[in-house]
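One letter stands for each residue in the lines below.
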Amino acid sequence: MSLKEYKEKRKFKKTPEPKGKKEISKKNIYCIQKHSASHLHYDLRLEFNGVLKSWAIPKLPPKQKGLKRLAIETEDHPIEYAFFKGVIPEGNYGAGKVEIYDKGDFELIEKNKDTIVVKINGNKLNGEYCLVKTNYGNKPEKSWLFFRR
Ligand code: MN
């Protein structure tokens, strides 16, 4: 868990995104940001070990059982990022509008190297959700499926 990749991808004088640092909020933060970048997607973030573990979901996150969504693992983000909304200017990494789509906390039910099960307590998403690593696509180590169970 490190913010190295997060910091390498951004020029903090040119983007309003937080530089942030590793910190334990003790709240098990959950959030989803709607990110209108070159391709609209939803960024799912869950707090683990002082950072927000992050996945980009190209379609609307499922509220009901039976829908499996591809979730591409992205770089860890600082805790502070859960409070960020704004516009990342053109020419910067992830340029486009970031809005808070959903927010709350979660309880960890299970976590191993290719499965994470959490009980999400949000406004839009509420219930037990699984993230399972998959071999789908050409970057198998970064692809997960996200679904309600
Ligand atoms: Mn994004």
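Now for a quick tour of the structure.

Rules used in this analysis
Residue positions are counted from 1 within each chain, in the order its sequence is given. In keeping with the model being predicted, local features are shown solely for residues with a pLDDT of at least 70 and side-chain atom pairs are shown and tallied solely at 80 or more, while totals for entire chains, interfaces and linings include all residues. Neither water nor hydrogens contribute to the side-chain values; these are computed over all heavy atoms in the structure. Note on conventions: DSSP H or I runs of at least 4 residues are helices, E runs of at least 2 residues are strands, and numbering of each starts at the N terminus. This radius of gyration counts C-alpha atoms alone. The globule rule is 2.2 Å times how many residues there are, raised to the power 0.38. Burial here depends on accessible area, computed with a 1.4 Å probe over protein chains only, as a share of the maximum for the residue type. Under 20% is buried, over 50% is exposed, and the range in between is partly exposed. Whether two residues are in contact is decided by their heavy atoms, any of which lying within 4.5 Å being enough. Residue-level accessible areas treat just the shown protein chains as cover; the underlying method is Shrake-Rupley with a 1.4 Å probe. Under the counting rule used here, the positive set is Lys and Arg, the negative set is Asp and Glu, and His together with the chain ends is not counted. A charge is said to be at NZ when it belongs to Lys, at CZ for Arg, at CG for Asp and at CD for Glu. Here a Phe, Tyr or Trp ring, Trp counted by its six-membered ring, pairs with any other such ring whose centre lies within 6.5 Å, and the pair is stacked when the planes are under 30 degrees apart, edge-to-face when over 60, and tilted otherwise. By the criterion adopted, a ring carries a charge over it if an Arg CZ or a Lys NZ lies within 6 Å of its centre and within 35 degrees of its normal.

## Observations concerning the overall build of the protein
From N to C terminus, the protein includes one helix and nine strands. In the protein, the order of α-helices and β-strands from amino to carboxyl end is α-β-β-β-β-β-β-β-β-β. Its C-alpha atoms give the protein a radius of gyration of 15 Å, near enough to 15 Å, the size a compact globule of 149 residues would have. Along the first, second and third principal axes, the C-alpha set of the protein runs to 40 × 35 × 30 Å. With 149 residues in all, the protein has 45% of them scored as buried. Residue pairs at least 24 apart in sequence account for 50% of intrachain contacts in the protein once pairs closer than 6 positions are excluded. As presented, the protein carries roughly 8200 Å² of accessible surface, and 50% of it is formed by carbon and sulfur atoms. Separation between the mean location of the 32 positive side-chain charges and that of the 19 negative ones in the protein comes to 2 Å.

## Some details on the packing of aromatic side chains
Under the counting rule described, the total for this entry stands at seven aromatic pairs. Look at Phe48 and Phe106: their rings are 5.5 Å apart centre to centre, the planes differ by 50 degrees, and that puts the pair in the tilted class. Here Phe106 lies in strand β6 (residues 96-112) and Phe48 lies in strand β2 (residues 40-48), a separation of 58 residues in the sequence. A relative accessible area of 3% means that Phe106 is categorised as buried. An angle of 50 degrees between the planes, with centres 5.2 Å apart, marks the rings of Tyr81 and Phe84 as tilted. Classification of Tyr81 by relative accessible area gives buried; the value is 2%. These aromatic residues form a ring-pair network of at least three members: Tyr6, Phe12, Tyr81 and Phe84. Over the ring of Phe147 we find Lys68, and its NZ or CZ is 4.7 Å from the ring centre. We note Lys111 situated over the ring of Phe48; from NZ or CZ to the ring centre the distance is 5.0 Å.

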